[in-house]
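The residues making up each chain are set out below.
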Amino acid sequence: MKKYFYKLASLLMLVLITMTSCTSDDRDDPISVQPPSGDYTDGIFILNEGGYGYSNASVSFFENTGEVYNSIYSEVNGMGLGDTAQSMGFYGENAYLIVNNSATIEVVNRYTFEFIATVSDMIVNPRYIEFSDNKGYITNWGDPNDVNDDYVAVLNLDTNLIEATIPVAEGPEKILLDNGKLYVTHKGGYGYGNTISVIDVASQSVLNTITVADVPDGIVIDNGFLYVMCSGKASWTGDETLAKLFKISLSNTNETIVLNFSAEQHPSYLEFENGILYYTLNNEVYSIDNNAFQLPENFDFSPVADGVEILYAFKVYQGAIYIADAKDYTSNGEAFIYNLNGDLQNQFSVQIIPNAFYFNNL
Amino acid sequence: MRYFVCTILFCIGFSSMLHSQTDSITALREVRLIAYRLKDSTYTRNVTIVKDSVLKQNQASLTNFLNFNSTVYFKENGLGMVSSPSFRGTTASQTSVLWNGININSQTTGQTDFNTINTRGYNKIEIKPGGSSVADGSGAIGGSINLVNELGFNKGFHNELFANYGEFNTYGIDYQTNYSSEKFSVLLGIARNASDNDYPYPETDRININGQYHNTNISLAATSKLNLNNTLKVFANVYDGRRNFSVPTPNALKTKYTDFNTRSLVEWESHFSKFKSNLKIATTTEEYRYFGNIDNDFYTYGKVTSFISKYGLDFALSNKILLTAGINYTHNDGKGSNIASETRNLSAALISFKHVLSETFLYELGLRQETNEQYGNPLLYSAGFSTKLTDFYQLKVNTSKNFRIPTYNDLYWQGVGNPDLKPEESYQGEISNNFNFKNLSISLTGYYNYVENLLRWVPDSSGIFRPENTNKVQIYGLESVVTAQKSFGNHKFTGSATFAYTVSENKETGKQLIYVPFYKFTTSFGYNYKRISAYYQYLNNDEVFTTTDHATEHILDSYMVANLGAEYTLGKNRDYKIGAQILNFWNESYESVLNRPMPGRNFNFYLHLKF
């Protein structure tokens, strides 16, 4: 019996030694097939921000044929996009990818997705980008624990260098151009903001500040009116405030209509198409006629029924509503396309934490 | 009496024999037993004990040491950065780390960052797989790691200096001075480790930016035999560490993190007739500061002061029966940037019974009653037996109920903390088969662990992360530890290996938890010829899922890493050693956390002097 065990043990040791000299045998990563033409015209980019700190941001492409291509940035360029892709913007032939925790802006050709440049100097916690006259304007939180270092960076689109910064209040978020002025929402960064900065593009300076309600999230400008969806502070902040929807006349910013949401309601997003404003509340989709401008009693439809767990991207574009679900933040997300009646038209899997849709010459 | 001693020797002997490279295998030495020397719950489960000499051949961080020498899996955010364990497929906060028997897991996170423990401060480490909440309290679900300062007597004045230097300006200095007389022994140790840690990422043109760290550990242990029946021990430890967190991408905002932990313990042991009493009184402080921007003085922090007292009374009913009763009390006082000042009192009573039924059979029972209404006053238990079936085969069976209470962050984080959380509960059973021969020992353990009310931070419907009692987790697996040694004349060979197969699945989805590999395998070989020694360490981790849907494109590949070392002993009394190591010998390009590359092949030298 003892002898048997010695034999067994010797054998075991031999196996162990053999194993030692092998290297690990990894499984092949699935190869993302890319569009045959190699170009990304006529389709929708879905930005997947990736897990914070995990450097796995990526871009998916939904071709108008219905094909979905994942991780197009890394497939085309052979490198990762970076850590936490926040947003994207188009200007001319280029797409500008704002990568928040990497503190970079990756410039690519919007049709081939081929890498052109990385902007990294004077970019700290970048959020959103807007364009005017061959310049990009990028909101930056700076050090999020410093309430005084926030700014809008001015990017020279020819040199891909930041040529100026415009200091603004804490937590600049979305940025929108209208009639030579930039409107910047101050969602508040690590804190909670309640203002809109108005920046004069010509002088690159803040003209004035419009005070709205807490946590301005969605912003839309149409026909001389600025619409701002303020989510209000959520209950977990310990100082819950009401959500409000603002309709502000840009010719006279004192001329304002405000709709108050009920207590404990915290809507997000604001989209506009054909005279209708769209927003979401508790993962459900609501709409408002911009003339009547009255809060609806009921939602239009509920994507929750289709399995949406965390509505993390919301876009209305050419008669369709685009929604992305971030799931539990640690699995591949999903995209949903609805018609305006709320009928599900399409549904497809994307990558980690999809946060926005961008339409390329559809 | 003689039989009894033999039995106990036998029971303990196997439990403790593992690991070594050039040093011979460590068994619990000097087991001069009298009945009340029976200790807590170590008889019906296996424990691995690693001694100083082996520790010295490993890198200073507890992460590195356990990674290469145990079945514990580690997730390390780049070398030296935040490191969390998964012991037997459990979560990071389900491994309890003990310092001379006192739990030192962070009260704020529930975890120990294994890169903030410097193994140089200790001369013995015990690795105990499996739940041991009855003895060790909250958090001992996957297993426990006990860091021990052990003192000898009658050895006079001794000094030891260990110094290493390696690539990336990595250095370590460890000085220990020890004095012992017949009745008194004191040890003072000072260790410092630091590194620029700017290693290149293999197969890329990037280097590890902002990864530098340094830490200092001071440990003091003293023991005095007051008289024949009373012994007083004093332990103290201070750890002061600073790390910059390496940036995930080159242009990211640089951050840093500091830890300052102190621990002190007074232990009074006394025995009289059939009783032995042990009183431990300890205070610990833990404080971290996180600087979100290295260039800014602003930081967030958490600070907890704890007072722990443990009293145990052993009563030997006969030579073969030991009854133990004990009381534990813990008081925590914590505050932080996101936690208003909160105090917490925990107390528990425990009782255990051990019986050596025959020369070959021992059984034990333990009960622990927690008296904390907030957590439902759980009653924990542990029961098991150990039997020697043949002269080389021993069987151990153990079952237990264990728990982990919510952490300070879980309960009190402003706005999202949830004071109504229930503790995690774990029901487990294990069977160990130990085979022991002259030159070889093999242990093979199968276990099952069912965890309820798993505490996790999960997003609610508005996307805000909040702590919740979430899933049920079912864990089962096999682990094996093999050690062997053989000499041919002056040629001495030693070998050891650990193997773990772990299934840890969410009961609802049936899917393996993220960052839990199915397989982990380590092995080490040592060779010694006169004054020359060489050793080889090898680690193989299976692939892990990084997403809960197991999407294949996000799987983190398996990896193997090996270290090769050699040392030469000098001096008339063989008191001096010089050594060299090649770490990551095969220059494997690997990550243990997604997109956090580890270093490629690098070199390290050391010097070990005793005087």
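Residues numbered from 1 in each chain as written. Chains lettered and ligands numbered in written order. Predicted model: local features only at pLDDT ≥ 70, side-chain atom pairs only at ≥ 80, totals over all residues. Heavy atoms only, no water.

### Some remarks on the overall build of chain A
Selection rule: To qualify as a helix, a DSSP run of H or I must reach at least 4 residues; to qualify as a strand, a run of E must reach at least 2; elements of each kind are numbered from the N terminus. Buried, partly exposed and exposed residues are distinguished by accessible area as a fraction of the type maximum, computed with a 1.4 Å probe on protein chains only: under 20%, between the cut-offs, and over 50%, respectively. Contacts are residue-level and defined by heavy atoms, with any inter-residue pair within 4.5 Å sufficient. All accessible-area figures derive from a Shrake-Rupley calculation using a 1.4 Å probe, and residue coverage is judged against the displayed protein chains alone.
When helices and strands are tallied, chain A shows two helices and 27 strands. A buried classification covers 56% of the 362 residues belonging to chain A. Contacts spanning at least 24 positions in sequence make up 42% of the contacts within chain A whose residues lie at least 6 apart. About 15000 Å² of surface is accessible on chain A, with carbon and sulfur atoms providing 47% of the total.

### What about the side chain of His550 of chain B?
All names here are of chain B. Tracing the chain through its elements places His550 in the loop between β28 (532-541) and β29 (559-570). Under the relative-accessibility criterion, His550 is labelled buried at 17%. Leaving out residues up to four positions away in the same chain, His550 has contacts with Lys511, Gln512 and Phe545.

### Here's the deal with the nonpolar core
Inclusion rule: By convention a nonpolar core is built from buried Ala, Val, Leu, Ile, Met, Phe, Trp, Tyr and Cys residues, the set being connected through side-chain atoms within 4.5 Å.
Of all hydrophobic cores here, the largest spans 27 residues; its most connected members are Leu62, Phe65, Leu66, Ile125, Ile127, Ile145 and Leu147 of chain B. Secondary structure elements with two or more residues in this core: α2 (52-56), α3 (62-69), β4 (95-99), β6 (124-129) and β7 (143-148) of chain B. Broken down by element, the residue count for this core peaks at three residues, all from α3 of chain B. Of all hydrophobic cores here, the second largest spans 19 residues; its members include Phe45, Val59, Leu81 and Tyr358 of chain A.

### As for the confidence of the model for chain A
Threshold: Scored from 0 to 100, pLDDT reflects the predictor's confidence in each residue.
Considering every residue of chain A, the mean pLDDT works out to 90; 90% of them sit at 70 or more. Below pLDDT 50 for its whole length, residues 17-24 of chain A participates in 14 contacts with residues either more than four positions away or in separate chains.

### Brief notes about the interface of chain A and chain B
What counts here: Values labelled buried area give the accessible surface lost by two parts on being combined, using a 1.4 Å probe and summing over both. In the sections that follow, a salt bridge refers to a side-chain nitrogen of Lys or Arg positioned within 4 Å of a carboxyl oxygen of Asp or Glu. Polar contact criterion, stated in full: a pair of N or O atoms within 3.5 Å, where within protein one must be able to donate a hydrogen and the other to accept it, and residues adjacent in sequence count only if both atoms are side-chain atoms. Here the nonpolar group is Ala, Val, Leu, Ile, Met, Phe, Trp, Tyr, Cys and Pro; Asp, Glu, Lys and Arg are the charged ones; every other residue, Gly included, is treated as polar.
The interface is formed by 48 residues belonging to chain A together with 56 residues belonging to chain B. For the pair chain A and chain B, the summed buried area comes to about 4100 Å², and 60% of that belongs to carbon and sulfur atoms. In this assembly, chain A and chain B are joined by zero salt bridges. Counting across the chain A and chain B interface gives 14 residue pairs in polar contact (both at pLDDT 80 or more). Those elements that place two or more of their residues in the side of chain A that touches chain B are α1 (2-21) and β26 (344-352) of chain A. For the side of chain A that touches chain B, the element with the most residues is α1 of chain A, which contributes 10 residues. The residue makeup of the side of chain A that touches chain B, split by class, is 20 nonpolar, 18 polar and 10 charged.

### Concerning the pattern of salt bridges
Residues and elements named next belong to chain B. Going through the model one piece at a time under the given rule, you end up with 24 salt bridges over all chains. Across the salt bridge formed by Lys124 and Glu126, the nearest N and O atoms sit 3.6 Å from each other. Each member of the pair Lys124 and Glu126 is classed as buried. In this structure, the salt-bridge partner of Glu567 is Lys577, at a minimum N-O distance of 3.5 Å. Here Glu567 is found in strand β29, whereas its partner Lys577 is found in strand β30 (residues 576-583), with 10 residues between them in sequence. The exposure class assigned to Glu567 is buried, which follows from its relative accessible area of 6%.

### Describing the sheet that holds β26 of chain A
Residue and element names in this part refer to chain A. Here is the rule: A pair of strands is labelled paired if DSSP reports no fewer than 2 bridges between them. Comment: axis = line fitted to C-alpha atoms, over the contacting stretch for helices; angle = value between 0 and 180 degrees taken between N-to-C directions.
Spatially, four strands are ordered β23-β24-β25-β26 in an open sheet, and the strand pairing comes out antiparallel. Two strands bound the open sheet, and with one partner strand each, they are β23 (311-317) and β26. Neighbour to neighbour, the strand axes of the sheet diverge by 20 degrees on average, direction disregarded. When strand β25 (residues 332-339) meets β26, the two strands line up antiparallel, connected through six bridges. Opposite Ile337, over in β26, you have Asn346 as the bridge partner.

### Notes on the pairing of β25 of chain A
Residues and elements named next belong to chain A. Among the eight residues of β25, eight are classified as buried, and the element is accordingly described as predominantly covered. Of the two faces of β25, the one carrying Asn332, Glu334, Phe336 and Tyr338 and the one carrying Gly333, Ala335, Ile337 and Asn339 are both buried. In the sheet, strand β24 (residues 320-325) pairs with β25 via six bridges, with the strands oriented antiparallel. Bridge pairing in β25 links Ala320 to Asn339. Hairpin connection between β24 and β25: a loop of six residues separates the two successive antiparallel strands, and Lys327 in this loop has a positive phi of roughly 55 degrees.

### Details of the sheet that holds strand β22 (residues 284-289) of chain A
Strands in a sheet are paired, the pairing made by backbone hydrogen bonds, and the direction either parallel or antiparallel. Residues and elements named next belong to chain A. The three strands are arranged β20-β21-β22 in an open sheet whose pairing can be described as antiparallel. Every interior strand has two partners, whereas the edge strands, β20 (268-273) and β22, have only one. Recorded for the sheet is a direction-independent mean angle of 25 degrees between the axes of neighbouring strands. Strand direction decides the pairing type here: strand β21 (residues 276-281) and β22, joined by six bridges, are antiparallel. Within the sheet, the bridge partner assigned to Thr280 lies in β22 and is Val285.

### Things to note about the pairing of strand β17 (residues 339-358) of chain B
Note on strand geometry: in a regular strand, side chains alternate between the two faces of the sheet. Residue and element names in this part refer to chain B. Pairing between strand β16 (residues 321-336) and β17: 15 bridges, direction antiparallel. Of the residues in β17, the one forming a bridge with Asn332 is Arg344. A loop of two residues connects β16 with β17, the two strands running antiparallel in sequence. Note that β17 and strand β18 (residues 361-370) share 10 bridges and pair antiparallel. Note that in β18 the partner of Ile351 across the bridge is Leu367.

### Let's talk about the confidence of the model for chain B
Residue and element names in this part refer to chain B. Per-chain confidence: chain B averages 88 in pLDDT, with 93% of residues scoring 70 or above. Contacts of residues 1-38 to residues separated by more than four positions or lying in other chains number 121 contacts, the stretch itself having pLDDT below 50. If you check the scores for this complex, the pTM reads 0.88 and the ipTM reads 0.87.

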